[in-house]
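Descriptive analysis of the structure
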Amino acid sequence: MVLCDKCGLRRARVFQAHNGLRLCEECFLEDVRARVWGEVERWRMVEPGDVVLMALSGGKDSYVLLESLALKFKSSRLLGLSIVEGIPGYNRVEDVRALVETAKGYGVDVFVVSVKEFAGVSVSEMVSEAKRRGLVETACTFCGLSRRRVMDYYAKVFGATKLATAHNLDDEVQTLIVNIMRGDTVGVLKLHPNSGAPEGGVRRIKPLRKIYEWETATYAMIRGFNIQVTECPFINENPTLRAGVRSILYEIEKLKPGSLLKALQHLDEVLGGEASKLKGAKIGVCSRCGAPTSSTRTLCKLCELLEAIGIGEPNYVKFRAGREFKLLSSN
Ligand code: SF4
Ligand code: ZN
Ligand code: ZN
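What counts and how
Chains are numbered independently. Their residues run from 1 in the order of the written sequence. As they are written, the chains are lettered A onward and the ligands numbered 1 onward, keeping that order. Given that the model is predicted, a residue must reach a pLDDT of at least 70 before its local features are reported, and side-chain atom pairs must reach 80 or more before they are shown or counted; all residues, however, enter totals for whole chains, interfaces and linings. Counting other C-beta atoms within 10 Å of a residue's own tells you its class, since 20 or more makes it buried, 12 or fewer makes it exposed, and anything in between is partly exposed; those C-beta atoms are placed from the backbone. Segments assigned H or I by DSSP are reported as helices when at least four residues long, segments assigned E as strands when at least two residues long, and all are numbered from the N terminus. A pair of strands is labelled paired if DSSP reports no fewer than 2 bridges between them. We call a crossover right-handed when, viewed with both strands directed away from the observer, the connection leading from the first strand over the helix to the second proceeds clockwise. Residue ranges for the domains originate in an automatic or database domain assignment. Residue type decides the class: Asp, Glu, Lys and Arg count as charged, Ala, Val, Leu, Ile, Met, Phe, Trp, Tyr, Cys and Pro as nonpolar, and the leftover types, Gly among them, as polar. Residue proximity rests on one test: whether the C-beta atom, placed from the backbone, lies within 6 Å of the molecule or strand.

**Overview of the pairing of strand S4 (residues 78-84)**
The buried fraction of S4 amounts to 7 of the 7 residues, a majority that puts the element mostly inside the structure. The alternating pattern of S4 places Leu78, Gly80, Ser82 and Val84 and Leu79, Leu81 and Ile83 on opposite faces, both of which are buried. In terms of strand pairing, strand S3 (residues 52-55) meets S4 through 4 bridges, oriented parallel. Residue pairing across strands places methionine 54 opposite glycine 80, the latter belonging to S4. As judged from the 6 bridges shared by S4 and strand S5 (residues 109-114), these two strands associate in the parallel manner. Across the sheet, leucine 81 pairs through a bridge with phenylalanine 111, a residue of S5. Following the chain from S4 across helix H3 (residues 93-105) to the adjacent parallel S5, one finds a crossover that is right-handed.

**Overview of the domain arrangement of the protein chain**
Parsing the protein chain into structural domains produces domain 1 (1-42) and domain 2 (45-280 + 308-321). Centre-to-centre separation of domain 1 and domain 2, based on C-alpha positions: 26 Å. With 10 residues, helix H1 (residues 25-42) is the single largest residue contributor to the side of domain 1 that touches domain 2. Considering only residue class, the side of domain 1 that touches domain 2 consists of 8 nonpolar, 1 polar and 4 charged.

**With respect to the site of ligand 1**
Taken together, the residues surrounding ligand 1 are Glu85, Ala139, Cys140, Cys143, Gly144, Cys232, Phe234 and Ile235. Its residues assigned to classes, the shell around ligand 1 shows 6 nonpolar, 1 polar and 1 charged.

Set out below in structure tokens:
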């Protein structure tokens, strides 16, 4: 029997190829949490007095985010947000309920909100209308933009000072490579934790950014979380650059374990200074909804996309003052 390299007491069940350690389940869970907390501390992701709004999808990563922050910080400083995109077959009431119940076990409230209520149309309705009009935008463009806006909006509504997402190491390195290939320098810098928030914005934090995707999957499996396993029907509709980068990165990691981790560590070391300059950067404001947007734009990207599918006044325009927001209860 191979014993755990950390405690030397229990049977080793998890092999971390990036550092060559064989760990028992308990030591593996501890290791993941310690690395998450280490990253949170290193970049001061959570500071005294902060209220953190966690974006929780119900997938494996979001459960790891929830548990690792809930075991570190007081529940009064944590809130969860679950966004119902409105994608039939993908958004399931039982998954949301399982998430809400698990969070409740830590004393954390999860608010369930929908894109349909926020924008007036669900992601599926946006996609159907875009197709009908012959537009080229993918479902993920509509979905990603809507979700980001919903998060920003509710962070302000709840008075959250940080917005935590459950992006893992694989997600981060994929985005890094995609941004490099597109020549998006600002996008590369924004991946650095020093980039902070633009003027008037809520800082996004990614506590799982140094945890491999296989590790969040293993963590969730060991803990027996009731994770959402249904795949989004749009996931393979448009093979994207990201999908290609993702499969190449897997091959590289297989050949040379630890490569993804090193890539992100390298980014942390060399780009910190440049990334800090983005903090508090002046940006423009959308003339329709008032949301922050690039200074070269009149309308924000979401308002522009919705206008292209015939929605000139999305619901969120009315919520602008932050007084009329609604919550969609999952119960
Ligand atoms: Fe949204 Fe589905 Fe695309 Fe994910 S795969 S961003 S859930 S449309
Ligand atoms: Zn052990
Ligand atoms: Zn707008």
